[in-house]
Amino acid sequence: MTEPLVARMRAFGTTIFAEMSALAVQTGSINLGQGFPDTDGPAAMLDRAVQAIGAGANQYPPGPGVLELRQAVSEHRSAHYGLTYDPVSEVLVTVGATEAVAASVLALCEPGDEVVVFEPYYDSYAASIALAQARLVPVTMRPVEGRFTFDPGELRAAVTPRTRAILVNSPHNPTGTVFTRDELTVIAELCRERDLIAITDEVYEHLTFDGVEHIPIATLPGMRERTVMISSAGKTFSVTGWKTGWVCAPPALVTAVSTVKQFLTFTASAPWQLAVAYGLRHEMEWVKALASGLQDKRDRLMEGLAAAGFSVLRPAGTYFVQTDIRPLGFEDGLELTRRLPELAGVVAIPTQVFYDRPERGRHFVRFAFCKKEEVIDEAVSRLKRLSA
């Protein structure tokens with residue numbers, strides 16, 4: 001029998017998250033790899049989901065999403081960013097941001113089109129682009145003065161007549177960078193000049209630290225009409241298992257994405273949609289407290305990693321800390337993370353798997369700090385074995 005998997009997907013096997021999470025279970029290690037919290041979201045929002053189930057919200061919701069959630073998303077965009085989106089024609093509910101990105105790429109890219117992506121990048125981006133038979137064009141982010149950023153000249157050189165879109169992830173996973181207004185202006189100018197679409201993954205929009213501001217690129221001049229703005233409830237409210245996301249964009253772009261999305265999942269999660277609508281309207285103070293607590297956990301983990309001998313970069317957002325492993329005498333992050341359960345009883349993620357050119361991230365390893373303080377403290381204690 002010939003290879004059953006289509007050629008364009010053969011490079012995508014088991015994800016690194018599945019591999020490392022399985023390794024954590026097998027070895028009894030502390031999992032600082034996959035980015036999911038080990039505490040629940042706001043109790044009143046969770047209760048709303050239970051109430052919705054009890055009230056019978058258990059059948060298909062409307063394909064574009066429950067109107068109450070679309071209205072709440074519209075209100076949220078207006079209140080936080082001054083962006084006005086019509087909840088009927090400009091907001092689409094998706095099964096998390098992952099589906100939103102996939103549906104957007106599939107809807108907007110023809111075979112042979114190019115999508116510029118900043119590497120390291122979240123692994124689903126490459127798979128979505130491959131499914132669309134488009135081509136991923138990486139622009140490498142590198143540490144400069146303690147944070148990852150990109151070279152504007154390299155970004156401009158990456159855009160060709162085949163370029164259809166730039167995929168912008170800020171706050172950025174896996175580096176923790178929050179793009180500045182100047183960086184976003186460079187991207188926006190290029191989008192306007194070359195008539196490109198910006199597909200933006202903003203799932204960590206409220207999880208920024210040290211007073212750093214998240215700026216949606218759609219707020220920049222001339223960008224609302226060419227931006228597919230994506231976010232979700234998972235990271236904002238610590239309910240990653242709910243897989244409730246959304247797209248905000250002009251009607252033509254929402255219609256395009258919806259046309260694809262309806263044949264992926266059609267619709268999902270009526271109780272969660274109703275609960276998230278409540279959360280967006282009533283639980284944003286809880287989210288502020290979450291971000292403050294995550295900043296403390298970030299500092300706790302960074303201090304411990306530095307004490308263990310890692311060179312640590314300071315993230316301005318997300319759940320993740322990037323480390324350089326070379327001061328510990330290691331060169332290959334994939335090799336180290338596969339040995340880390342044996343060496344220290346901890347699981348992390350090798351950053352090189354998020355690169356089109358893995359050698360550029362070979363010496364970086366990502367640790368997640370969205371865990372309880374006692375879990376972080378125990379992990380740090382174990383990691384000290386590396387420098388002993």
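Before reading on, note that the structure itself is shown above.
1. Side note on the environment of phenylalanine 209
Point 1. Assignment of secondary structure puts phenylalanine 209 in the loop between strand E8 (197–201) and strand E9 (227–232).
Point 2. Along the chain, phenylalanine 209 and valine 276 lie 67 residues apart, while their C-alpha atoms are 23 Å from each other.
Point 3. The residues contacting phenylalanine 209, other than those within four sequence positions of it, are Ala291, Leu294, Gln295, Arg298, Pro315, Ala316, Gly317, Thr318 and Phe369.

2. Considerations on the pattern of salt bridges
Point 1. In this structure the tally under the stated criterion is 22 salt bridges.
Point 2. The closest approach of N and O atoms between arginine 281 and glutamate 68, which form a salt bridge, is 3.8 Å. On the criterion of sequence distance, the pair formed by arginine 281 in helix H10 (residues 270–282) and glutamate 68 in helix H3 (residues 67–81) is long-range, its members being 213 residues apart.
Point 3. In this structure arginine 281 comes out as partly exposed when scored by relative accessible area, which is 33%.
Point 4. In this structure, the salt-bridge partner of glutamate 119 is arginine 357, at a minimum N-O distance of 3.0 Å. Here glutamate 119, found in strand E3 (residues 114–119), pairs with arginine 357, found in the loop between strand E14 (349–350) and strand E15 (364–368); they are 238 residues apart in sequence, far enough to count as distant.
Point 5. With a relative accessible area of 26%, arginine 357 lands in the partly exposed category.

3. Concerning the pairing of strand E10 (residues 245–248)
Point 1. Side-chain alternation along E10 places Gly245 and Val247 on one buried face and Trp246 and Cys248 on a second face that is also buried.
Point 2. As paired strands, strand E2 (residues 91–94) and E10 are joined by 4 bridges and run antiparallel to one another. By the bridge assignment, valine 93 is partnered in E10 with tryptophan 246.
Point 3. Inspection of the sheet shows E9 paired to E10 by 4 bridges, in the antiparallel sense. In the strand pairing of E10, serine 231 is matched with tryptophan 246.

4. Thoughts on the sheet that holds E15
Point 1. Within the open sheet, the 4 strands sit side by side as E11-E12-E15-E14. Their pairing is antiparallel. Edge strands, defined here as strands with exactly one partner in the open sheet, are strand E11 (311–313) and E14.
Point 2. Sheet topology places E14 next to E15; 2 bridges connect them, and they run antiparallel. In the strand pairing of E15, isoleucine 349 is matched with arginine 366.

5. Remarks on the sheet that holds E3
Point 1. Strands sit in the order E2-E10-E9-E8-E7-E3-E4 across an open sheet of 7 strands; the sheet is mixed. Taken across any chain shown, the strands that pair with only one partner, and hence form the sheet edges, are E2 and strand E4 (135–140). Each neighbouring strand pair of the sheet contributes to a mean axis angle of 20°, computed without reference to strand direction.
Point 2. Inspection of the sheet shows E3 paired to strand E7 (residues 163–169) by 4 bridges, in the parallel sense. Pairing of valine 117 across the sheet is with leucine 167, part of E7.
Point 3. Of the strands in this sheet, E3, E7 and E8 are in contact with helix H7 (residues 181–194), which crosses E7 at around 160°.

6. Quick look at the nonpolar core
Point 1. Residues Val247, Leu301, Phe367 and Leu383 are the most contacted members of the largest nonpolar core, which totals 64 residues.
Point 2. Top element by residues in this core is helix H11 (residues 284–308). It accounts for 7 residues.
Point 3. In contact with valine 247, not counting residues within four places along its chain, are Glu90, Val91, Leu92, Thr94, Ala100, Val228, Met229, Ile230, Val254 and Val257.
Point 4. Phe118, Val139, Phe148 and Leu196 belong to the second largest nonpolar core, which has 27 residues in total.

7. Observations concerning a nonpolar patch on the surface
Point 1. A cluster of nonpolar side chains, namely Leu106, Leu131 and Leu264, defines an oily patch on the protein surface of about 220 Å² accessible area.
Point 2. Of note, leucine 106 is situated in helix H4 (residues 96–108).
Point 3. Exposure remark for leucine 106: the relative accessible area of 30% places this residue in the partly exposed category.

8. Let's talk about unusual backbone geometry
Point 1. That bond from serine 170 to proline 171 is cis: its omega, -10°, falls within 30 degrees of zero.
Point 2. By secondary structure assignment, the location of proline 171 is in the loop between E7 and H7.
Point 3. Asparagine 173 connects to proline 174 through a cis peptide bond whose omega is 25°.
Point 4. Within the secondary structure, proline 174 sits in the loop between E7 and H7.
Point 5. Its identity as a non-glycine residue notwithstanding, aspartate 210 has a phi of 60°, on the positive side.
Point 6. The topology assignment puts aspartate 210 in the loop between E8 and E9.
Point 7. On the accessibility criterion, aspartate 210 (40% relative accessible area) is partly exposed.
Point 8. The backbone of serine 238 shows a phi angle near 55°, a positive value even though the residue is not glycine.

Quick notes on the rules
Numbers given for residues are sequential positions, taken from 1 along each chain in its written order. Note on the predicted model: pLDDT of at least 70 is required for a residue's local features to be given, and 80 or more for side-chain atom pairs to be given and counted; whole-chain, interface and lining totals, by contrast, use all residues. Side-chain metrics rest on all non-hydrogen atoms present in the structure, leaving aside hydrogens and water. Helical segments are the DSSP runs of H or I of at least four residues, strand segments are the runs of E of at least two, and each set is numbered from the N terminus. Contacts are assigned to residue pairs with any non-hydrogen atoms lying within 4.5 Å of each other. When a carboxyl oxygen of Asp or Glu lies within 4 Å of a side-chain nitrogen of Lys or Arg, that pair is called a salt bridge. Each residue gets one of three labels from its accessible area relative to the maximum for its type: buried under 20%, exposed over 50%, partly exposed in between, using a 1.4 Å probe on protein chains only. Strand pairing is defined by DSSP finding a minimum of two bridges between the two strands. Axis definition: a line fitted to C-alpha atoms, over the contacting stretch in the case of helices. Angles run 0 to 180 degrees between N-to-C directions. Grouping buried Ala, Val, Leu, Ile, Met, Phe, Trp, Tyr and Cys residues that are joined through side-chain atoms within 4.5 Å yields what is termed a nonpolar core. Residues qualify for a patch when their relative accessible area is over 30% and they have no salt bridge, like charges being joined within 9 Å and the nonpolar side chains of Val, Leu, Ile, Met, Phe, Trp and Tyr within 5 Å. Note on areas: these come from Shrake-Rupley sampling with a 1.4 Å probe, and a residue is covered only by the protein chains present in the view.

Distances and angles like these do not, on their own, reveal function.
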